[in-house]
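What the coordinates show
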Amino acid sequence: MSTKPLKLAVIVGSVREGRFAPVVARWFAELVRAHGAFEVDVIDLADHPLPLALPPVPPAVDPNLPRPAAMADLTRRLAAADAFVVLTPEYNRSFPASLKAAIDWHYTEWQAKPIGFVGYSGGSGGVLAMEQLKQVFGELHAHPVRNGVSFPRYYLLFDGEGELKEPEQPGSAAKVMLDELSWWASALSTARRERPYAGLS
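Residues numbered from 1 in each chain as written. Predicted model: local features only at pLDDT ≥ 70, side-chain atom pairs only at ≥ 80, totals over all residues. Heavy atoms only, no water.

1. Remarks on the overall build of the chain
Looking only at helices and strands, the chain features 6 helices and 6 strands. Of the regular secondary structure in the chain, the N- to C-terminal order runs β-α-β-α-β-α-β-α-β-β-α-α. For 201 residues, the compact-globule estimate of 2.2 N^0.38 gives 17 Å, and the chain sits close to it at 16 Å. On the principal axes, the C-alpha backbone points of the chain span a range of 45 × 45 × 25 Å. Looking at the chain residue by residue over its 201 residues, the buried ones come to 46%. (Helix = DSSP H or I, 4+ residues; strand = E, 2+ residues; numbered from the N terminus. Rg over C-alpha atoms; globule rule 2.2 N^0.38 Å. Buried < 20%, exposed > 50% of the residue type's maximum accessible area, 1.4 Å probe, protein only.)

Next up, the structure:
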């Protein structure tokens, strides 16, 4: 039996100026490392220029489509992951275009892998964005897990040093999600090795 650690890619979905996402990402990455089930790779989309315009034949139709050279590192890291956590703000009741571009430029990288979500916003805590993302990833043959982490009025929850004022509840929610991701990542990783996924429906 392989003892190779499971790889969790934490995707930071906001690229806007003045974004709060790095604060939440830093908090979550520390929790992942303490949890111990995953080797964590934080992928900040701000470091990966993504064209919003897809080619005439999108990756969902032709998974072997050549991508821009600047996207190679992002593609490699997504393909290497056994599971994902998407960290998303909520803009106008949805998720940012940068995140949709990263999703749409890829296809097989998501297949038969579990995905969890961490959301933040002023009112809903990113719940609306996370629910929409579950539908998107379901279409791409990924497995969105049930549990997630939400930060409503996030600007009141963290102090000036980027630390949570009351970390117990979000920390507990994150552990539940990571436990769920760990189970699914292990099961699906074994399944992909034994029977390569071919877009079964």
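2. Notes on helix α3 (residues 97–104)
Turning to α3, its buried residues number three or more, namely S98, L99, A101, A102 and I103. Looking at the buried positions of α3, the neighbouring elements they touch are β1 (6–12), β3 (83–89) and α4 (127–139). (Contact = heavy atoms within 4.5 Å.)

3. Remarks on the pattern of salt bridges
Enumeration according to the criterion identifies 9 salt bridges in this entry. We note a salt bridge from K175 to D179, for which the minimum N-O separation is 2.8 Å. Within this pair, K175 and its partner D179 are both found in helix α6 (residues 168–194), separated by 4 residues, close to a single helical turn. Given the relative accessible area of 46%, K175 is considered partly exposed. (Salt bridge = Lys/Arg side-chain N within 4 Å of Asp/Glu carboxyl O.)

4. Observations concerning empty space enclosed by the protein
Enumeration according to the criterion identifies 1 cavity of 30 Å³ or more in this entry. Within this model, the largest cavity holds a volume of roughly 30 Å³. If you trace the largest cavity, you find it lined by I11, L45, L74, L78, V86, L99, A102, I103, W110 and F137. Secondary structure elements with two or more residues in the lining of the largest cavity: α2 (72–80) and α3. The element that contributes the greatest number of residues to the lining of the largest cavity is α3, accounting for 3 residues. (1 Å grid on protein atoms, 1.4 Å probe; cavity = no way out; pocket = protein on both sides within 12 Å on 5 of 7 lines; lining within 4 Å. Points joined across faces, edges and corners; volume = space filled by probe spheres on them.)

5. Section: the pairing of strand β4 (residues 114–121)
Across the 8 residues of β4, 8 count as buried, placing the element largely inside the fold. Handedness of the β3-α3-β4 crossover: right-handed. Pairing analysis gives 2 bridges linking β4 to strand β5 (residues 143–144), with the strands arranged parallel. Within β5, the residue paired with I115 across the bridge is P144. As paired strands, β4 and strand β6 (residues 149–152) are joined by 4 bridges and run parallel to one another. Paired with Y120 across the strands is F151, a residue of β6. (Right-handed = clockwise from strand over helix to strand, strands pointing away. Pairing = 2+ DSSP bridges.)

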